[in-house]
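Here is how the chains run, residue by residue.
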Amino acid sequence: MRTLPLFLAAVLIALAPRLARRRLHLGIFSRRLAGEVEASTSCQAAALGAGASKAELEAVGRPLPAYMLQAEHGDEARALVRWVETLEWRCEVGDEAILARPHPNFERIVPHYPQFLHLP
């Protein structure tokens, strides 16, 4: 009787990364519909999911970089999965708008790092 719950626990542990990714995709779509996330190219590419093809990523403007292919030793399928996971992370952190947001402690930091422009 105890083996069934252990089996179910093992299945749930094995499926956890997939379920987390699915929640991420749903979260991206819901935030975009609510207007909280702008439709950056990283978010558009991440919304394609782990099954995205090279052509789909190129159409969105985020082609598979050569360094990803090199990191996976030429395995294009694994490189595509790795690239889509990177794009999902970039969408979460807001890579294209990160410099537009002011640092929350900017006013406290500025006095400790004075900067000057020395002209000839």
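Treat the numbers as computed from the prediction; the structure is a model and nothing was measured.

### Concerning the pattern of salt bridges
Side chains that differ in charge, positive against negative, can pair when their charged atoms come close. Taken as a whole, this structure holds five salt bridges when the rule is applied. We note a salt bridge from E76 to K54, for which the minimum N-O separation is 3.9 Å. Note that E76 is positioned in helix α5 (residues 76-93) and K54 in helix α3 (residues 54-60), a separation of 22 residues in sequence. Judged by relative accessible area, E76 falls into the partly exposed class, the value being 37%. Two residues, E96 and R62, come together in a salt bridge whose shortest N-O distance is 2.8 Å. With a gap of 34 residues between them, E96 in the loop between α5 and α6 (106-109) and R62 in the loop between α3 and α4 (66-71) connect regions that are remote in the sequence. The exposure class assigned to R62 is buried, which follows from its relative accessible area of 17%. Among the charged side chains, a salt-bridge network with shared partners connects R62, D95 and E96.

### What to know about the confidence of the model for the chain
Close reading of the predicted structure is inappropriate where its pLDDT is low. For the chain, per-residue confidence averages 78 on the pLDDT scale, and 68% of positions sit at 70 or higher. Mean pLDDT values over the elements of the chain span from 56, in helix α1 (residues 3-34), up to 95, in α4.

### Examining α5
Counted at 1.5 Å a residue, the expected span for α5 with its 18 residues is 26 Å, and the 26 Å between its end C-alpha atoms agrees. Along α5, the residues that are buried comprise A79, L80, W83, V84, L87, E88 and C91.

### Looking at the nonpolar core
Among the nonpolar cores identified, the biggest contains 13 residues, and L57, L64, M68, W83 and L87 are the most heavily contacted of them. A per-element tally of this core places α5 first, with six residues. Ignoring any residue separated from it by four or fewer positions in sequence, one finds L64 in contact with K54, L69, E76, A79, L80 and W83.

Conventions adopted
- Residue numbers restart at each chain and count upward from 1, following the sequence in its written direction.
- Confidence filtering applies because this is a predicted model: local features only for residues at pLDDT of at least 70, side-chain atom pairs given and counted only at 80 or more, and all residues used for totals across whole chains, interfaces and linings.
- Working from all heavy atoms in the structure, the side-chain values ignore hydrogens and water.
- The salt bridge definition used is simple: a Lys or Arg side-chain nitrogen within 4 Å of an Asp or Glu carboxyl oxygen.
- Working definition: helices are DSSP H or I runs of at least four residues, strands are E runs of at least two. Numbering for both runs from the N terminus.
- Buried means the residue's accessible area, taken with a 1.4 Å probe over protein chains only, is under 20% of the maximum for its type, while exposed means over 50%, and partly exposed covers the values in between.
- pLDDT measures how confident the predictor is about each residue, on a scale from 0 to 100.
- Multiply 1.5 Å by the residue count of a helix minus one, and that product is the helix's expected span.
- Take the buried residues of types Ala, Val, Leu, Ile, Met, Phe, Trp, Tyr and Cys, join any two whose side-chain atoms come within 4.5 Å, and each joined set is a nonpolar core.
- We call two residues in contact when some of their heavy atoms are within 4.5 Å.

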